[in-house]
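# Coordinate inspection notes
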Amino acid sequence: MENQREQRCSRLVFVLYPFQGHINPMLQLATIMYSKGFSITIVHPQFNSPDPSKHPQFTFTPISDDLSQGKVSTSDLFGTISALNRNCEEPLKEYIEKMLKAEDTHDRIACIIYDGLMFFAQSVADRLKLPGMSVRTSAAASILAYAVFRRHDEQGYISFLDLMSKDQETELQPLRLKDLVMLRSQNVPELIGELRANLTDSVKKSSAIIVNTMDFLEQNVVKQIQGLFPAFVFTIGPFHKLAPNISSSLLKEDTNCISWLDRQAPNSVIYVSFGSIASMDEKEFLETYWGLANSDQPFLWVVRPGLVRGSKSVELLPKSFEERVGDKGCIVEWAPQLEVLAHGAVGGFWSHCGWNSTLESICEGVPMLCRPFFGDQCLNAIYVCDVWKVGLELENELEKGNIEKAVRTLMVNTEGNEMRKRAMHLKEKVNLSLRQGGSCYNSLNELAEQMLSLRSN
Ligand code: UDP
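Presented here is a report on the structure given in the accompanying data block. Not measured: the values here are computed from a predicted model. (Residues numbered from 1 in each chain as written. Predicted model: local features only at pLDDT ≥ 70, side-chain atom pairs only at ≥ 80, totals over all residues. Heavy atoms only, no water.)

### Structural notes on the packing of helix H3 (residues 77–87) against helix H8 (residues 190–205)
To keep it simple, the criterion reads: All axes here are fitted lines through C-alpha atoms, helices being fitted over the stretch that makes contact, and every angle between N-to-C directions spans 0 to 180 degrees. In DSSP terms, a helix is any run of H or I states spanning at least four residues, a strand is any run of E spanning at least two, and both are numbered starting from the N terminus. Geometric relationships in this document are graded by angle, where less than 35 degrees denotes roughly parallel, more than 145 denotes roughly antiparallel, 65 to 115 denotes roughly perpendicular, and other angles denote oblique. Handedness of a helix crossing follows the sense of rotation of the near helix relative to the far helix, less than a right angle counterclockwise being left-handed and clockwise being right-handed. Residue contacts follow a heavy-atom distance rule, with two residues in contact if any of their heavy atoms lie within 4.5 Å.
Packing of H3 against H8 brings their axes to within 10 Å, and their N-to-C directions diverge by 50 degrees. The angle between the axes of H3 and H8 places the two elements in the oblique class. For the element pair H3 and H8, the recorded crossing hand is left-handed. Touching Phe-78, Gly-79, Ile-81 and Ser-82 of H3 are Leu-191, Ile-192 and Leu-195, all from H8.

Dropping the structure here:
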């Protein structure tokens, strides 16, 4: 690598989308590529800046995002994506132009690696004649589900799902793919259709598509994507397993829950977390509390600021909480999730099914209770429950009786035990793919080679 470094392009510029579920995998990927000998520059919007002191090996550069002060709303993610793509293109271009001017032969930019939602970065790469690589921090299937073409007759968009012939095989085919109405192109508001079309265009122009998934999880889907886009698809997940021991949490992790977990019996605890964005109303929050309390299983629950819309969540809990739950419940604002899922006391994960959480659970052999809130979380829940059969879905209105029953099914019934066995089997497959000669291991080496060889001028 040293020789290659002296002669070839070895700096990677990463462009982050500033939300927790995207910052984590992108910084993990940057760490992986750093370990392969690349130098790393991280470009990020000012909003939700990562903490550079946690990653001293990288160069961090904030760019102006022009998002009105503190007004970014997690309930308008499409508006935020649109604003970031509008506002960040020129600042990124100016910054990279400066880098190119100052570049010396030992430290040239190999390519721009951007979160797929920051698709303006592909335009910058094209304008500056640099290679761009699009990263999917969600399941490969989401590429198919979200991809839309513009219609030439200006009648809106055509989705890839509509183009897929009925008999094409994918992991999702026997399931409810055609029912994933929320992901399809019909009746989507213009802004969302436009965003999805721009995203698809950028993937078409990219030099590689990097996905945080594993071959054995989505083999047919990956094949299908490969047939639709010219760029090669690299499946090098799970990123977090290749970049352990890095923390990029925007909130402070409360590590006290680990000593609480140490006092619990093996596989007895249900870990409850709905990620960094999903929110619920007061009634749903209280039903969740009562369902957990009545299940009589020990629970570790992440109640982050903003989880309950318009309220200081924990203050809503009944005064009898201590007496009712005692040491059986532990509530934290933010948990060291990877450590929690790897802890022997954790036997189940009630999750919103964000892709990171889903992968993290599989990697530790932890079965899931799924409660997707929006977007690709619904797709991931189908994978968990219907394809891999390592979880069950909590459907309908959140109601304490249903919650209690579902928690007990997952944690103490035979059905849950079968799911746990299948989850352990997936964990073994993950470990195999990470070993020398495994699919992830090979794909990663090929990606590093491609990065070194892409830039010709
Ligand atoms: N996470 C964490 N502590 C918590 C809750 C979540 O570290 O208490 C991390 C989790 O490990 C995952 C990320 O936050 O890497 C959440 O990403 P995910 O895709 O699951 O959901 P999102 O937040 O994007 O909805």
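### Points about the pattern of salt bridges
Put simply, the rule is: Here, a salt bridge means any side-chain nitrogen of Lys or Arg that lies within 4 Å of a carboxyl oxygen of Asp or Glu.
Within the structure shown, the criterion is met by 14 salt bridges. The shortest N-O distance in the salt bridge between Glu-418 and Lys-421 comes to 3.3 Å. Placement of both Glu-418 and Lys-421 in helix H18 (residues 414–434) is noted, with a separation of three residues, approximately one turn of the helix. Where salt bridges share partners, they join Arg-150, Glu-194, Asp-201 and Lys-204 into one cluster.

### Side note on the site of the ligand
This is how the line gets drawn: For this description, a residue counts as near a given molecule or strand if any of its non-hydrogen atoms is within 4 Å of it. Two N or O atoms count as a polar contact when they lie within 3.5 Å, although within protein this holds only if one can serve as hydrogen donor and the other as acceptor, and sequence-adjacent residues are included solely when both atoms are side-chain atoms. All accessible-area figures derive from a Shrake-Rupley calculation using a 1.4 Å probe, and residue coverage is judged against the displayed protein chains alone. Note on residue classes: Ala, Val, Leu, Ile, Met, Phe, Trp, Tyr, Cys and Pro are nonpolar, Asp, Glu, Lys and Arg are charged, and everything else, Gly too, is polar.
The ligand sits among 18 residues. The nearest are Ser-276, Ala-335, Asn-356, Ser-357 and Glu-360. Between the ligand and Ser-276 there is a distance of 2.5 Å, counted from an oxygen atom to a side-chain nitrogen or oxygen. The separation between a nitrogen atom of the ligand and a polar main-chain atom of Ala-335 is 2.7 Å. When the ligand is considered free in solution it has 530 Å² of accessible area, and contact with the protein chains removes 94% of it. Mapped onto the shell around the ligand, the elements with two or more residues apiece are helix H2 (20–35), strand E10 (269–273) and helix H15 (355–363). Among the elements that take part in the shell around the ligand, H15 stands out by supplying four residues, more than any other. Considered class by class, the residues forming the shell around the ligand number five nonpolar, 12 polar and one charged.

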